[in-house]
Amino acid sequence: MNRGVLASIIASALFATIFLISGSLSGIGPNEVYGWRIVLTLLILVPVYALVPGRRAEMTALLGRVKARPGLLVYGAIASSLVGVQLWLFMYAPMNGFALATSLGYFLLPLVMVVVGRLFFAEKLSRWQQIAVALAAVGVGHQLLFAGGLAWPTLLICLGYPVYFAARRRARFESNAAFTLEILFLTPLAVYFILAGVREPGSSLVPVFAIGILGAVAMFLYLGAASLLSLSIFGLLSYVEPVLLLVAAVAMGEQLFLRDAFTYAPIVLALTVLALDGFRSSRSLR
């Protein structure tokens, strides 16, 4: 559990860094940035699964399962399509004024994940975790009240990701090997976006390459955390990322107001309760 928590927090920090870099790009479109991210991620992951014996065995086992049960490819295609849309949105949103809407989507995501965990996987929350969820619900509810409705990026994130993780869990495709195959499935479209992209003269690809490398590491850690933690705990830890995305959105020039304190204060309290519950649980296991 401790490894899963650490992996989730580091992944959230890397995602926020990618978000900030994307918002600062100029002279290049989000489709091409997305294309480069997919291709670079694949170029990083393939050598890992080709050269590291443990990872190679993991990939071999996964391919063996798919060969024995071809119907699993349906879940794989769904998961690949869903994560592809999310990765594209993460490039598009900060480049087109949807940074705060994206942050709100990630604030809603843990609540939806908890509901999915309870309804479909019979997961239960401890009393402290229930308090954390309630506090987070207060903060998110206040944000919804003053947001004037949910923007499409918000809905796409908070509804799309739970379906993605549920599909992976149903098919037992929770390993990083499965994510590597998902990226492989997305590569033809990514290559098309790169070839079709039109960049302004003098625009640099160095930040784009940084996004690709950081994205590969972040997704590796993020999906690793998903396989180590229960869906409910994984969902609650996801509150770290929207807080960091919110900071990135403000750094990119989007505005927050005093009333927003009523949104974020309960969420910070929720994270504090969750951290205390995790500390208490770790001590009880000694």
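Residues numbered from 1 in each chain as written. Predicted model: local features only at pLDDT ≥ 70, side-chain atom pairs only at ≥ 80, totals over all residues. Heavy atoms only, no water.

Visitor: What is the right way to read the overall build of the protein from this model?
Guide: When helices and strands are counted, the protein shows twelve helices and zero strands. Counting from the amino terminus, helix and strand elements in the protein follow one another as α-α-α-α-α-α-α-α-α-α-α-α. A globule of 286 residues ought to have a C-alpha radius of gyration of about 19 Å, and the protein, at 19 Å, matches this closely. By principal-axis analysis of the C-alpha atoms, the protein measures approximately 50 × 45 × 30 Å. Considering the protein as a whole, with its 286 residues, one finds that 48% of them fall into the buried category. Across the protein, contacts joining residues at least 24 apart in sequence account for 89% of those joining residues at least 6 apart. When the 19 basic and 10 acidic side-chain charges of the protein are each reduced to a single mean position, those positions are 13 Å apart. (Helix = DSSP H or I, 4+ residues; strand = E, 2+ residues; numbered from the N terminus. Rg over C-alpha atoms; globule rule 2.2 N^0.38 Å. Buried < 20%, exposed > 50% of the residue type's maximum accessible area, 1.4 Å probe, protein only. Contact = heavy atoms within 4.5 Å. Lys, Arg positive; Asp, Glu negative; His and termini not counted. Charge placed at Lys NZ, Arg CZ, Asp CG, Glu CD.)

Visitor: Sorry if this is basic, but what is going on with the packing of aromatic side chains here?
Guide: Within a pair of aromatic rings, the relevant descriptors are the distance that separates the centres and the angle that separates the planes. Summed over the entire model, instances satisfying the criterion amount to 17 aromatic pairs. Feature note: the residues Phe 15, Phe 19, Phe 90, Tyr 106, Tyr 161, Tyr 164, Phe 165 and Tyr 222 constitute an aromatic cluster, connected by ring pairs. (Phe/Tyr/Trp six-rings, centres within 6.5 Å; stacked < 30°, edge-to-face > 60°.)

Visitor: Mind showing me how you'd approach the nonpolar core here?
Guide: Taken as a class, soluble globular proteins show a tendency for nonpolar side chains to be buried jointly. Ranked by internal contacts, the top residues of the largest apolar core, which has 82 residues, are Phe 165 and Tyr 222. The residues contacting Tyr 222, other than those within four sequence positions of it, are Ala 11, Phe 15, Leu 109, Phe 165, Phe 234, Ser 238 and Glu 241. (Core = buried A, V, L, I, M, F, W, Y, C linked by side-chain atoms within 4.5 Å.)

Visitor: Looking at this structure, I do not really get helix α3 (residues 53-68). What am I missing?
Guide: Along an α-helix, a turn takes 3.6 residues, which lines up residues three or four apart on a common side. Taking 1.5 Å as the rise per residue, α3 with 16 residues should run 22 Å; its terminal C-alpha atoms sit 22 Å apart, in good agreement. Buried within α3 we find Met 59, Leu 62 and Val 66. Along the axis of α3, the buried residues cluster in a sector spanning 60°; they form a single face. Opposite its buried face, α3 presents the exposed residues Pro 53, Gly 54, Thr 60, Lys 67 and Ala 68, each directed more than 90 degrees away. Residues of α3 that are buried make contact with α2 (30-51), α4 (72-95) and α8 (176-196). (Expected span 1.5 Å × (residues − 1). Arc of directions from axis to C-beta.)

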